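Reading the structure
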Amino acid sequence: MAVIRIHEIIERLLIYDPQADADLVNKAYVWSATLHKGQLRASGLPYLSHPLEVAGILTELRLNAPGICAGLLHDTLEDSSTTLEELHREFGKEIAGLVDGVTKISMISRASRPQAQAENFRKMILAMAEDLRVILIKLADRLHNMRTIDYLPEARRFRMAEETLEIYAPLASRLGIYWIKSDLEDLSFRILKPDLYFRLVKQVAQIHRAQQAGIEEVQSVLGQKLAAAGIEAQVEGRHKPFYSIYHKMETHKLSLDQVHDLVAFRILCQTIRECYEALYVIHSFWAPVPGRIKDYIALPKPNMYQSLHTTVIGPGGQRVEIQIRTQEMHLVAEFGIAAHWRYKEGGALAPEADDKTLGFVKRLVELQKELHDPHQFLESVKSDLFPDEVFVFTPKGDLRELPKGATPIDFAFSIHSAIGCQCAGARVNGRIVPLNYNLQSGETVEIITSRDAHPVKAWLDLAKTAQARNKIQHWLHGREVGSSEELGRQILEADLLRYNIHLDRAIKSGVLGRVAKQFKFTDHQKLLQAIGYGKFPHRKVLARMVPHDRLRRQRLAGPPSAKRKAPAQAPAEPTLPEGGLVLQGFDDPLIEFGACCSPLPGDEIVAFTKEGQGVEVHRPQCARAREADPDRLLPVHWGERVKGIRTVTIEVLCADRPGLLAQMGGAISEAHGNISRALVRTTDDQKAVNTFEVEVKSAGQLRRMIKKLEKIEGVISVERLKA
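The structure reproduced in this document is the subject of the present report. Small disclaimer: the values here were computed from a predicted structure and weren't measured. (Residues numbered from 1 in each chain as written. Predicted model: local features only at pLDDT ≥ 70, side-chain atom pairs only at ≥ 80, totals over all residues. Heavy atoms only, no water.)

**Quick look at the packing of aromatic side chains**
The tally for this structure, following the rule as stated, stands at 10 aromatic pairs. Geometrically, the ring pair formed by Trp31 and Phe91 is edge-to-face, given 5.5 Å between the ring centres and 85° between the ring planes. Of this pair, Trp31 sits in helix H2 (residues 22–35) while Phe91 sits in helix H6 (residues 84–106); the two residues are 60 residues apart in sequence, bridging distant segments of the chain. Under the relative-accessibility criterion, Trp31 is labelled partly exposed at 21%. Ring geometry for Phe189 versus Tyr243: centroids 5.9 Å apart, planes at 70°, classification edge-to-face. Taken together, the positions of Phe189 in helix H10 (residues 178–192) and Tyr243 in helix H12 (residues 242–252) put the pair 54 residues apart, joining distant regions of the chain. Phe189 sits in the buried class, given a relative accessible area of 2%. Given a relative accessible area of 15%, Tyr243 falls into the buried group. (Phe/Tyr/Trp six-rings, centres within 6.5 Å; stacked < 30°, edge-to-face > 60°. Helix = DSSP H or I, 4+ residues; strand = E, 2+ residues; numbered from the N terminus. Buried < 20%, exposed > 50% of the residue type's maximum accessible area, 1.4 Å probe, protein only.)

And the structure:
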């Protein structure tokens, strides 16, 4: 593929910004070329090809000259000998600041993968709050890296594609840059599920060829009807991206022939009034599908996207999806936030754009301050970052935006944390609803409060927003800290009394406080909490508070006033896999692997202490892990030589035809897996849902098994079931 040239980049820039400083851009190019001289990409191309392509993508986003310069220089601080001071001297504060912002995002810490990913995302959020162009440069960087991902090792390709799908594509969506979102999703889909991707590409191409005449007919009819009504409009068709098709099939358990919106039609009008008139005209000759009309003009999405959406019954009884918008709205839909550049000094967005576009960034900034556990932070970001929205009203008529599936709990905490913590019930449109009720757009919500009400753990399952979950966790943590301190007090007090030492006196005299500081605790309360949590052995405290000879004599004599019994056989230590888990600060702990999520060697894992003793290990997305108190979490990772067999559950959706079950069993066997249990059920639309419990040794083996299943003709989707 031919690499874009600097003169093409400058020509594009001058088209949308004729006053741009072309000499500055050319200077940035020369600097980048000099600093990257002799460096090669994994593809074998000169490294300079990468910053050139990134700058080319940025011209598609209509960035100004400083933004393009930063794109050309974005890797120079990390991959060359130049310094921030040199960049500042040669290119000024604005460009140097942008390059520094991108560099800080790229410098991932040498922590575990979730910690590194969380730290990276924290940096991204802070960079976005400072200057949104930083994240646009990072998106352009990721897009070009995904376009050239085939030259990387398989394991690295998989990790990058997974991260792109989880973080970068939703981020592009939240910024309203749908073409980057779609490209990132399709590129990731091709890496993560290549067999499904290429099969879908082939099948969709066949359908498009078969439907071409119908597509042209719909465009012609729409153009003629709108012209007859005196509406000057442009009508065009667009193909649904492949990942979007796959996601719809998997979410709604559909086969490809049941996806009716492979092609959607777009109508571009001159005015908002003509948009609504066009909608009326279309509904006058094609019947609308009930519940499929959405007005994003009156209620824009948070990323400023505006359009009228409708689905109608078109020619031949086929469903036809239509979007209606003005040319200006189309510009926003294509370029998102980049369509609204109005720069102040220093390159940030003007204040009038801030409230509309950066509200979610401000919420994320607050979130990253409050959540310190990397797993909770990432899960909160992913859940809050970018679900579909519902719009509800307070009794006073104020509009509140919440994610799809939000409940009265989310609404209550969006008003105020005190309202949320005292939520006892809710009224929706004047009638009492349960707290697990899913709010719908247009509803008016009133929260009923009570001084006796308080959060409970079950609320964590009801809350959809990171804000609500964080506030609930904070309240529960405060209560749990108190109970853990009390448990630690009881454990330590019982042992100290054996040596005639009173805990209260030790606290009042400051003895326990001094012991706590010897173990690096800030005070005796923190020490007692750690004992109650099971994170710190109380025997170490005894060793500091009881003279050694007394401690030894008491151990030999046994508990005072106890009858001598034959020594009970010590409970068997759990057999851990060779080189299995590495837990910092623990020797031979009692470990339980969560049956709820079945963590496999190679999976990301979290561990947390149980009250009193023992350690539980779960996958980060498991409900148990999400609810865990951050103070109970432990640093943990898999060892190098893991052995052992574990059971996981997978669900395969496929066509209901003879012989397919045998093929799936063969694929599982080829991947050296063993089926311990199987459940097969058929649906009314000639499909089968197969649930297999399979025995495997690692996450890598499970991925290979899933790929083999996806290759089978007739298989629609394969999913590892989560807790």
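**Section: the pattern of salt bridges**
Counting across every chain of the model gives 16 salt bridges. Where salt bridges share partners, they join Arg238, Arg292 and Glu321 into one cluster. (Salt bridge = Lys/Arg side-chain N within 4 Å of Asp/Glu carboxyl O.)

**Structural notes on the sheet that holds strand E2 (residues 263–269)**
If you walk across this open sheet you meet the 5 strands as E1-E2-E5-E4-E3, and the pairing is mixed. On the outer flanks of this sheet lie strand E1 (234–239) and strand E3 (294–295), each paired with one strand and no other. Across 6 bridges, the pairing between E1 and E2 is antiparallel. Bridge assignment links Glu236 to a residue of E2, and that residue is Arg266. Taken strand by strand, helix H11 (residues 194–228) contacts E1, E2 and strand E5 (319–326), and its axis lies near 25° from that of E2. The strands touched by helix H14 (residues 327–335) within the sheet are E1, E2 and E5, with E5 carrying the most contacts at an inclination of about 105°. (Pairing = 2+ DSSP bridges. Contact = heavy atoms within 4.5 Å. Axes fitted to C-alpha atoms, helices over the stretch in contact; angles between N-to-C directions.)

**Focus: the side chain of Thr326**
Within the fold, Thr326 resides in strand E5. From its side chain, Thr326 meets the backbone nitrogen of Met329 in a polar contact 3.1 Å long. Not counting residues up to four positions away in its chain, the partners in contact with Thr326 are Leu268, Cys269, Gln270, Thr271, Ile272 and Cys275. (Polar contact = N/O pair within 3.5 Å; in protein donor to acceptor, adjacent residues only side chain to side chain.)

**With respect to the sheet that holds strand E14 (residues 615–618)**
The 4 strands are arranged E12-E14-E13-E15 in an open sheet whose pairing can be described as mixed. Looking at the sheet topology across the chains shown, the edges are occupied by strand E12 (591–593) and strand E15 (633–634). As defined by bridge partners, strand E13 (residues 606–609) adjoins E15 across 2 bridges and the pair is classed as antiparallel. Residue pairing across strands places Phe608 opposite Leu633, the latter belonging to E15.

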